[in-house]
Each structure stands twice: as C-alpha cells, then as structure tokens.
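A closer look at the structure
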Amino acid sequence: MQPVPATQAVPTTQAVPTTQRGRAKENRRQALLSAAASLFALNGFNRVSLEDLGAAAGVSGPAVYRHFSGKQAVLADLLVTVSQELLDGGRHVADSTPDPLAALRRLVEFQVDFALGKPDVIRVQDRDFSNLSEQDQSAVRTLQRSYVEVWVDILAKVHPEIDAAELRMRAHATFGLINSTPHSVRSHGRRLAAGVARPLLERMALAALMVDSTPATQR
C-alpha cells in the first residue's frame, strides 16, 4: 500500500438502517458486494458484468442500479468499505488496549482474521485496484495510510528506539506476509484449515514485528 493525499473526504461507516425496508435494501446491497468480491476475485473486474452480479445476488441486472450507479461504483464501495472497516477496527484495538505489546498482538490477530475471512477482497485489491477512479483510489489509499499509522503508533511504544520509517516498513512487511494468505496458504493444492494457518501466521507476524533491528555484523 502506497497512500497518496486524498482528493475527497474520506467516507465514514454507514449507519445501520432502522426500518424493515431500509434493512432489506441494505441486505441486497451487501449481497451484491459479496457477489462482487467472489466474482471479481475469480474472473477479474473486466470480465464480470452487472448481469453477472445481479444473477449471483438473486436480482436482475437492471436492479443493480437501485443500489449502485455502475460496476465501478460496486468496486469502489467494496474496497472503500473494507478499508474503513480495517481502520475502525485498528483504532478500536488501539483505544481499548492500553498495554502496547498486548495491543500489537491484538492488531496482528485482527489482521489475520481479516486475511482469513476475506481472501477474495485481498485478491480484488491486488488485481483490480487500478480499475477504480483516481478519486476512489485516493480515498482507499488515505484510509490505508491511516491504518498503517495506527500500527506505527503502537510499534513506537514497543520499540521507542526505532525511527518511524523503519516501523512503517515493518508494518507494511507484516501486511504483505499476512495478506499473502489467499495465495500461499495451501498444502498439496488444498487450503490449510484456519485453525492451522491462524496461529502460524500470528507467530510469524509477531516475529517480524519484534525482530532485533541491529545488523548481525554489529552484534
């Protein structure tokens, strides 16, 4: 993730609808986003039509326009929403866990939960991010940059002797390790069970974050 300055205000998490009609509409929107994540991950953004999305979500192609202005808007909602969820979750961990090392462990657990729970979204971001408008790319990157800084703030308390640039590099490297799960957590062509993958990923991520920064030649 290489964030750039935003060109629009960062969106906030949407309020939960309170009416039955509002909840039904939100459920259909979520079904479309879930279908989009699966189809975009499997086939790529450019090979999926609005009719495909509607069929996968149980609505007609034209009905998709009741929720989104077009296919690019679906992609934008998918990636902006998940970026906002990561930032909100990271901030909650930081605000609710005073001990820095415990907070770092919870951040790792949170990121691993995301990687194991939403592998399709990770694949879509990796492959189809460039299909967003420049404005939406900027919004996603701004959210991601803020999420990185949540990690850097915690890491600075765990490693007060290390400068922010190195801490930021550690955070990015850890995201790369954890988010590679959709591509690499396989054994003989079969995906490893989450119960096996989760503790392994958490130990590896913490080891990367806690490693001594002193070069071996200087020890």
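The structure this text deals with has already been given above.
Residues numbered from 1 in each chain as written. Predicted model: local features only at pLDDT ≥ 70, side-chain atom pairs only at ≥ 80, totals over all residues. Heavy atoms only, no water.

1. Here's the deal with the environment of Asp99
- By secondary structure assignment, the location of Asp99 is in the loop between helix 3 (71-96) and helix 4 (100-117).
- Look at Asp99 and you get partly exposed, because its relative accessible area is 42%.
- The spacing of Asp99 and Ile154 is 55 residues in sequence and 9.3 Å in space, taken between C-alpha atoms. (Helix = DSSP H or I, 4+ residues; strand = E, 2+ residues; numbered from the N terminus. Buried < 20%, exposed > 50% of the residue type's maximum accessible area, 1.4 Å probe, protein only.)

2. Some words on a positive patch on the surface
- A cluster of like positive charges, contributed by Arg21, Lys25, Arg28 and Arg66, occupies part of the molecular surface.
- When you line up the elements, Arg21 lands in helix 1 (residues 20-43). (Patch = residues over 30% accessible without salt bridge, like charges linked within 9 Å, V, L, I, M, F, W, Y side chains within 5 Å. Areas by Shrake-Rupley, 256 points an atom, 1.4 Å probe, with all protein chains shown as cover. Salt bridge = Lys/Arg side-chain N within 4 Å of Asp/Glu carboxyl O. Lys, Arg positive; Asp, Glu negative; His and termini not counted. Charge placed at Lys NZ, Arg CZ, Asp CG, Glu CD.)

3. Considerations on the packing of aromatic side chains
- If you walk through the whole model with that rule in mind, you get five aromatic pairs.
- Taking 6.2 Å as the distance between ring centres and 80° as the angle between the ring planes, the aromatic pair formed by Tyr147 and Trp151 counts as edge-to-face. Highlighted residues: Tyr147 and Trp151, both in helix 6 (residues 134-158), separated by four residues, approximately one helical turn.
- The buried category is assigned to Trp151, whose relative accessible area is 0%.
- Feature note: the residues Phe110, Tyr147, Trp151 and Phe175 constitute an aromatic cluster, connected by ring pairs. (Phe/Tyr/Trp six-rings, centres within 6.5 Å; stacked < 30°, edge-to-face > 60°.)

4. Details of the pattern of salt bridges
- The full count for this structure, using the stated rule, is eight salt bridges.
- The closest approach of N and O atoms between Glu149 and Arg168, which form a salt bridge, is 2.7 Å. Highlighted residues: Glu149 in helix 6 and Arg168 in helix 7 (residues 164-179), separated in sequence by 19 residues.
- Using a relative accessible area of 28% as the deciding quantity, one classes Arg168 as partly exposed.

5. A short note on the environment of Asp128
- By secondary structure assignment, the location of Asp128 is in helix 5 (residues 119-128).
- In sequence terms Asp128 and Leu79 are 49 residues apart; their C-alpha atoms lie 10.0 Å from each other.
- Residue contacts for Asp128: discarding those within four places in its chain leaves Phe40, Gly44, Phe45 and Leu75. (Contact = heavy atoms within 4.5 Å.)

6. Considering the nonpolar core
- Within the largest apolar cluster, 54 residues are counted, with the highest numbers of intra-cluster contacts made by Phe40, Leu53, Leu79, Leu104 and Trp151.
- Of all elements in the fold, only helix 1, helix 2 (50-57), helix 3, helix 4, helix 5, helix 6, helix 7 and helix 9 (194-210) reach the threshold of two or more residues within this core. (Core = buried A, V, L, I, M, F, W, Y, C linked by side-chain atoms within 4.5 Å.)

Spatial relationships are all this shows, so hold off on functional conclusions.
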